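# Summary of structural features
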Amino acid sequence: MSGDPRKGDLKLRSMRVTSAMSYFSWWPMLLHLGSKRRINSNASLTVSLAQTPYCKKHRYDPQNPLCAHIIFCGSIVKVNDSEAGLAKKALFSRHPEMESWPKDHNWFFAKFNITNIWVLDYFGGLKIVTPEEYYSVKP
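Per chain, residues are indexed from 1 in the order of the written sequence. It should be noted that, the model being predicted, local features are given only for residues of pLDDT at least 70 and side-chain atom pairs only at 80 or more, the latter also being counted only at that level, while totals for whole chains, interfaces and linings use all residues. Excluding hydrogens and water, the side-chain values take into account all heavy atoms of the structure.

## Here we look at the state of the cysteines
- Here, the term disulfide refers to a pair of cysteine sulfur atoms separated by no more than 2.5 Å. Counted according to the given criterion, the structure contains 1 disulfide.
- Note on cysteine connectivity: C55 is disulfide-linked to C67, with sulfurs 1.9 Å apart. One disulfide, between C55 and C67, carries an S-S torsion of 100° and so falls in the right-handed class. With C55 in helix α1 (residues 54-57) and C67 in the loop between α1 and β5 (69-78), the pair connects residues that are 12 residues apart, well separated along the chain.
- Here's how the labels work: a residue is buried when its accessible area is under 20% of the maximum for its type, exposed when over 50%, partly exposed in between, all with a 1.4 Å probe on protein chains only. With a relative accessible area of 0%, C67 lands in the buried category. Counting from the N terminus, the helices are the DSSP runs of H or I reaching at least four residues and the strands are the DSSP runs of E reaching at least two.

Structure, rendered in structure tokens:
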């Protein structure tokens, strides 16, 4: 997200350089804590206007569909060597402190492989946005 949330100027943006791909720096221990079971890479991310002053300004309860939610579903996938440079550039340009994180933690770059996007912004149910539609939007 970007913008000034105090002014209601908040925009959903992925950590991106040339695409809307979301990249992460991942710590292997996050995948193993408390479990020796098979790792499940499924993930979801919900972003809501309730995180901004917008809903309060319009007196919308955070559960009101007019206080819009976007739900991204997919999986976390380790990037290959050819994509690692792009992921590093995307992350470190926005979060320069990550370069100084402990090297012995074996951080690796991963991306959120989005398979489903649901938008709840009005009464009557979800709107479905395909990943192709999402990635084709020009900023």
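## Let's talk about unusual backbone geometry
- The backbone phi angle of R59 is positive, close to 60°, even though this residue is not glycine.
- For R59, a relative accessible area of 79% puts it in the exposed group.
- Located in the positive-phi region is N106, a residue other than glycine, with phi close to 60°.
- By the element assignment, N106 lies in the loop between α2 (81-94) and β6 (108-120).

## Looking at the packing of aromatic side chains
- When the centres of two rings from Phe, Tyr and Trp lie within 6.5 Å, Trp using its six-membered ring, the rings pair. Their planes under 30 degrees apart give stacked, over 60 give edge-to-face, and anything left gives tilted. All chains considered together, the criterion is met by 6 aromatic pairs.
- Both rings, one in Y54 and one in Y60, keep their centres 6.3 Å apart while their planes meet at 55°; by these two values the pair is tilted.
- Here F72 and Y134 contribute two aromatic rings whose centre-to-centre distance is 5.5 Å and whose plane-to-plane angle is 65°, an arrangement assigned as edge-to-face. One end of the pair, F72, is in strand β5; the other, Y134, is in helix α3 (residues 131-136), and 62 residues separate them in sequence.
- A relative accessible area of 4% means that F72 is categorised as buried.
- Here a set of aromatic residues connected by ring pairs shows up, and it is made of F72, Y134 and Y135.

## A short note on the pattern of salt bridges
- Here, a salt bridge means any side-chain nitrogen of Lys or Arg that lies within 4 Å of a carboxyl oxygen of Asp or Glu. One pass over the structure, following the stated rule, counts 2 salt bridges.
- Here K111 and E83 are joined by a salt bridge, their closest N and O atoms 2.9 Å apart. Taken together, the residues K111 in strand β6 and E83 in helix α2 connect sequence positions 28 residues apart. Here K111 and E83 have matching classes, each one buried.
- One salt bridge connects K127 with D121, and the closest N-O pair in it is separated by 2.5 Å.

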